[in-house]
Amino acid sequence: LESLFAGTFPDIGFIIAEYPEQLFATALAENPVIIVMEDPQGKLFIPGLCRQLKNDSRTKHIPLIVLSAEKQITSENEKACEAGADAFLSKPLKRWECISLVRLLLQNGNSEDGASRREAAKVLKESEERWQYALEATRFGIDHAQIGVFQIEEDGTIIYANFYAAEKLGYS
């Protein structure tokens, strides 16, 4: 979880809630831009934690993302929503869903913390630009490698071949 969020958004302050009893104190100390929480042991702490965070003036502006192993909205998710959760993500997580949700939460920040959210949105954009540049550089490197690189479907159909592989197959 931490590698997905921190790896995708390395310059944005996240708290990944693994120990709910410590989350509130950590939120006060670190003042994150977003809090991501899940209840892997099924202890049902999320609604109470959402309520505590949203009822405190020091943390009520922080968006809360609740992760769920369930594809369907459960009664616990509904309780968390009523208690102040801003969004839900279902596992398995997809990188593009995380990016779009974080972007949406940063853009829709409330006025109390608008400056830090605008700064986080700027950092997110810069992070995405660096990631896109790295992706393009990787693609260029693969396309121009002096070894054959193929992407093949299960039925054996070649759906991608770099320049070297295409040349060796007789395509130019």
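Here, the structure is the one placed above.
From a predicted model like this one, the values you see are computed outputs, not experimental measurements. (Residues numbered from 1 in each chain as written. Predicted model: local features only at pLDDT ≥ 70, side-chain atom pairs only at ≥ 80, totals over all residues. Heavy atoms only, no water.)

(A) Expanded view of a nonpolar patch on the surface. There is a patch of nonpolar side chains on the surface, built from F150, I152, I158, L169 and Y171 and spanning about 510 Å² of accessible area. Within the fold, I158 resides in strand 6 (residues 158-161). Residue classification places I158 among the partly exposed positions, given a relative accessible area of 41%. (Patch = residues over 30% accessible without salt bridge, like charges linked within 9 Å, V, L, I, M, F, W, Y side chains within 5 Å. Areas by Shrake-Rupley, 256 points an atom, 1.4 Å probe, with all protein chains shown as cover. Salt bridge = Lys/Arg side-chain N within 4 Å of Asp/Glu carboxyl O. Helix = DSSP H or I, 4+ residues; strand = E, 2+ residues; numbered from the N terminus. Buried < 20%, exposed > 50% of the residue type's maximum accessible area, 1.4 Å probe, protein only.)

(B) Focus on the nonpolar core. By size, the foremost hydrophobic cluster in this structure holds 17 residues, and its most contacted members are L23, I35, M37, I46, C50, L53 and V66. Listing elements by their share of this core, those giving two or more residues are helix 2 (20-30), strand 2 (34-37), helix 3 (46-55), strand 3 (64-68) and helix 4 (75-83). Core analysis: the second largest hydrophobic core is formed by 16 residues, F5, I34, I65 and L89 among them. (Core = buried A, V, L, I, M, F, W, Y, C linked by side-chain atoms within 4.5 Å.)

(C) Highlighting the pairing of strand 3. Most of strand 3 sits inside the fold, with five of its five residues counted as buried. Here strand 3 shows a buried face lined by L64, V66 and S68 and a second buried face lined by I65 and L67. Note that strand 3 and strand 4 (residues 87-90) share four bridges and pair parallel. Paired with V66 across the two strands is F88, which belongs to strand 4. (Pairing = 2+ DSSP bridges.)

(D) Inspection of the pattern of salt bridges at higher detail. For the coordinates displayed, the defined rule picks out two salt bridges. The salt bridge involving K54 is made with D86; its shortest N-O contact spans 3.0 Å. With a gap of 32 residues between them, K54 in helix 3 and D86 in the loop between helix 4 and strand 4 connect regions that are remote in the sequence. Linking D56 and R58 is a salt bridge whose minimum nitrogen-to-oxygen distance equals 2.8 Å. Residue classification places D56 among the buried positions, given a relative accessible area of 14%. You can call R58 partly exposed: its relative accessible area is 48%.

(E) Inspection of unusual backbone geometry at higher detail. Positive phi, close to 45°, is recorded for N31, a residue that is not glycine. Positionally, N31 belongs in the loop between helix 2 and strand 2.

(F) Inspection of helix 5 (residues 95-107) at higher detail. Here helix 5 spans 18 Å end to end across 13 residues, near enough to the 18 Å set by a 1.5 Å rise per residue. Buried within helix 5 we find C98, I99, L101, V102, L105 and L106. (Expected span 1.5 Å × (residues − 1).)

(G) Quick look at the pairing of strand 2. Taking every second residue as pointing to the same face, both faces of strand 2 are buried, with I34 and V36 on one and I35 and M37 on the other. Bridge count between strand 2 and strand 3: three bridges; the pairing is parallel. Counted as the bridge partner of V36 is I65 from strand 3.

(H) Structural context of the environment of V33. Looking at where V33 falls in the secondary structure, it is placed in the loop between helix 2 and strand 2. What makes V33 buried here is its relative accessible area of 14%. For the pair formed by V33 and P63, sequence separation is 30 residues and the distance between their alpha carbons is 7.3 Å.

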